[in-house]
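Working through the structure, step by step
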Amino acid sequence: MRKSIKSLFIVIVSLMIIIGTLNVSTIKAEAAGKLPSISYQAHVQGTGWLSSVNNGATAGTTGQSRRLECIKINLKSGGKSMIKYRAHIQGSGWQGWKTSGQEAGTTGKSLRLEAVQIKLTGNYASKYDIYYRVHVAGAGWLDWTKNGATAGSTGSSLRAEAIQIKLVSKGTRVAQTSGCGRADITKTTLTYKAKGQYYGWQKVVGEGATAGTTGQSRRMEAISINLKDYNGSSGIRYSTHVSHIGWQGWKTTGQTAGVTNGSEQIEAIKVQLTGEIAKYYNVYYRMHVAGYGWLGWASNGAVAGTTGGGIRAEAIQIKLVAKAVAFDKGGTEYIDGANITKSIHLAHHMSGSLDQNSYRLYGDNGENWGCCATAYAIGLSIVNGRSYNPESFWRYKSTYYDQGRVNNYTSYNAATIYNNLLAGKPTMVHYEYIKSNGKHGEHWVLVIGIRSGANKNNIQFSDFTIIDPWGGAEKNLTSAGYFGSRTSVGMKTFY
């Protein structure tokens, strides 16, 4: 027992001697004018803790698209920490300050470290400067910064991938070798406001919010956007397409684009970033357009909205997104007036009812099955210019096309239906569905028109006007009975 205690005592004394020697060595080095050595270590996605490095070497990875998750920095004198540091973490922001040897960031949570701040403490703060820089996804090595300033990016979902740290004598200038111009590429604040029909200028809104109105059928007449570059100058320019005027000249931060008196409407917009911020961010924007709702997102000077169709824009949303971050642009962001349809409505010549239930068109269970025969009779009345009785086409519980004038059954094709309408020909559309009781059903309707403003290159079910034989009313195709639960769609085209 005494032997074990003696061995333990020897180990403890040896460790104290080693630590004391290290501290003495550090103090002697400082006295001799030598820089203290700083070491640091990185925890990296997919690997964990890497080996410790020193004095300006790289901790982390570059060119591998792996996030930096945590760091530890070691700098002591006389057994005391001479440094404090903190990390900005995905989803939670800035952590509290850490001292020498402590972890800043997270491990085991798959969270990216996005930025750091590092400071010297004690007498080191008056004798030395601490320089550091971060390698950021999509931007590479940023410039060196020092003494508590931010290195990296916040609020942009950008991962830091590596870090370099070094001590220099107070006042020594560290050369910037990255050429990027900034140590911190956190985006500046984006705001904008809209002026519109009846409501005038609205309050300023922030990034991604809606300026203007939706669901009120009110035109947007003017817009003002504010975004400063890192140096305080304008970081954005924008141009609006206005009814009866066309494209206006480019405006910069705080200026008004559009009209502030009169009744002209904004129809489209182009937005571009300028200056240094354009190196690191894309600007995305989309318009809410009469008859279409929200279009897809345009970016970096592309046109959002419509031109040539006289269609009002009603609202806008604008976002800044870091270049290294993926962004879903959604659907079509711009509609050319040449692709916008004019309203078509074909007239029928039926003297009798358009409701299938007005005729003797029955199936096995006594239900009226004559939607197909009724749609066929109405279609024939359009192409032949006279009235028909649907019962004349109903035999043995199915429709007989005695009068011809329709092609064989084909899969649904919106472009074909539109071309038929242009030629004055209706189209019979058939769809199958599952009833509310779980049983299988099917139905025929007759397409007789298309709404004004539909995009010829992207015709939707909702663009077509139909006569629904079940009740005989005109309605939108998507409003036909059970259309929302359809399982398949086909058609017969008149010729």
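Below is a short write-up of the structure.

Some details on the overall build of the protein chain
A tally of regular secondary structure across the protein chain gives four helices and 42 strands. Here the C-alpha atoms of the protein chain give a radius of gyration of 36 Å, more than 25% beyond the 23 Å that 2.2 N^0.38 yields for 495 residues. Based on the C-alpha atoms only, the size of the protein chain along its principal axes is roughly 115 × 70 × 35 Å. Looking at the protein chain as a whole, 47% of its 495 residues are labelled buried. Long-range pairs, those at least 24 residues apart, make up 64% of the contacts in the protein chain with a sequence separation of at least 6. When the accessible surface of the protein chain is split by element, carbon and sulfur atoms take 48% of a total near 22,600 Å². Computed over 54 positive and 28 negative side-chain charges, the inter-centroid distance for the protein chain is 14 Å.

Observations concerning the layout of surface pockets
The computed volume of the largest pocket comes to approximately 660 Å³. Residue lining of the largest pocket: 25 residues in total, with N368, W369, C371, E442 and H443 positioned closest to the centre. Secondary structure elements with two or more residues in the lining of the largest pocket: α3 (371-384), β36 (398-399), β38 (427-434) and β39 (440-450). No other element matches β39, which puts five residues into the lining of the largest pocket. Residue composition of the lining of the largest pocket, grouped by class: nine nonpolar, 10 polar and six charged.

Comments concerning the environment of H43
When you line up the elements, H43 lands in strand β1 (residues 39-44). Note on H43: relative accessible area 11%, which makes it buried. A C-alpha to C-alpha distance of 7.2 Å links H43 and G60, two positions 17 residues apart in sequence.

Quick notes on helix α4 (residues 414-422)
Of all the positions in α4, only A414, I417, Y418, N420 and L421 are classed as buried. Each buried residue of α4 lies within a common arc of 155 degrees when the element is viewed along its axis, so the set occupies one face. The inward-facing, buried residues of α4 contact β34 (344-345), β38, β39, β40 (464-468) and β42 (486-493). The N-terminus of α4 is capped by N413, whose side-chain oxygen sits 3.1 Å from the backbone nitrogen of A415.

Description of the packing of aromatic side chains
Under the criterion given, the structure shown has 13 aromatic pairs. Taken together, Y412, Y431, Y433, F461, Y482 and F483 form an aromatic cluster joined through their ring pairs. The ring of W49 has K72 lying over it, and the distance from NZ or CZ to the ring centre is 4.6 Å. Above the face of the Y400 ring, R395 is positioned so that its terminal group lies 5.9 Å from the ring centre.

A short note on α3
Compared with an ideal rise of 1.5 Å per residue, which puts 14 residues at 20 Å, α3 spans 20 Å between its outermost C-alpha atoms and is within 8% of the ideal. For α3, a buried count of 13 out of 14 residues is recorded, marking the element as mostly surrounded by other parts of the structure. Of the residues trailing α3, G385 is marked for its positive phi of about 75 degrees.

Re the pairing of strand β22 (residues 220-227)
Burial of β22 is extensive: seven of the eight residues sit out of reach of the surface. As defined by bridge partners, strand β18 (residues 190-196) adjoins β22 across seven bridges and the pair is classed as antiparallel. Within β22, the position partnered with K195 by the bridge is A222. As defined by bridge partners, β22 adjoins strand β26 (residues 256-258) across three bridges and the pair is classed as antiparallel. By the bridge assignment, I223 is partnered in β26 with A257.

Notes on empty space enclosed by the protein
What the rule picks out here adds up to one cavity of 30 Å³ or more. Considering only enclosed or pocket space, the largest cavity measures out at about 40 Å³ in volume. Considering the residues around the largest cavity, the lining is formed by A137, G138, A139, L158, I185, Y280, A322, K323 and A324. Per-class residue counts for the lining of the largest cavity are seven nonpolar, one polar and one charged.

So, the state of the cysteines
Among covalent bonds in proteins, the disulfide is the one between the sulfur atoms of two cysteines. In total, this model carries zero disulfides according to the counting rule given. The thiol of C371 is unpaired, and the distance to the nearest cysteine sulfur, on C372, comes to 6.4 Å. According to the relative accessible area criterion, C371 is buried, its value standing at 8%.

Comments concerning the environment of C70
Along the chain, C70 turns up in strand β5 (residues 68-74). When the C-alpha positions of C70 and E264 are compared, they lie 55 Å apart, and in sequence the two are 194 residues distant. Filtering out sequence-adjacent residues up to four positions away, C70 remains in contact with Q41, A42, H43, W49, E103, A104, G105, T106, T107 and L113.

The rules behind these values
Residues numbered from 1 in each chain as written. Predicted model: local features only at pLDDT ≥ 70, side-chain atom pairs only at ≥ 80, totals over all residues. Heavy atoms only, no water. Helix = DSSP H or I, 4+ residues; strand = E, 2+ residues; numbered from the N terminus. Rg over C-alpha atoms; globule rule 2.2 N^0.38 Å. Buried < 20%, exposed > 50% of the residue type's maximum accessible area, 1.4 Å probe, protein only. Contact = heavy atoms within 4.5 Å. Areas by Shrake-Rupley, 256 points an atom, 1.4 Å probe, with all protein chains shown as cover. Lys, Arg positive; Asp, Glu negative; His and termini not counted. Charge placed at Lys NZ, Arg CZ, Asp CG, Glu CD. 1 Å grid on protein atoms, 1.4 Å probe; cavity = no way out; pocket = protein on both sides within 12 Å on 5 of 7 lines; lining within 4 Å. Points joined across faces, edges and corners; volume = space filled by probe spheres on them. Nonpolar A, V, L, I, M, F, W, Y, C, P; charged D, E, K, R; others polar. Arc of directions from axis to C-beta. Polar contact = N/O pair within 3.5 Å; in protein donor to acceptor, adjacent residues only side chain to side chain. Phe/Tyr/Trp six-rings, centres within 6.5 Å; stacked < 30°, edge-to-face > 60°. Lys NZ or Arg CZ within 6 Å of the ring centre and 35° of its normal. Expected span 1.5 Å × (residues − 1). Pairing = 2+ DSSP bridges. Disulfide = S-S within 2.5 Å.

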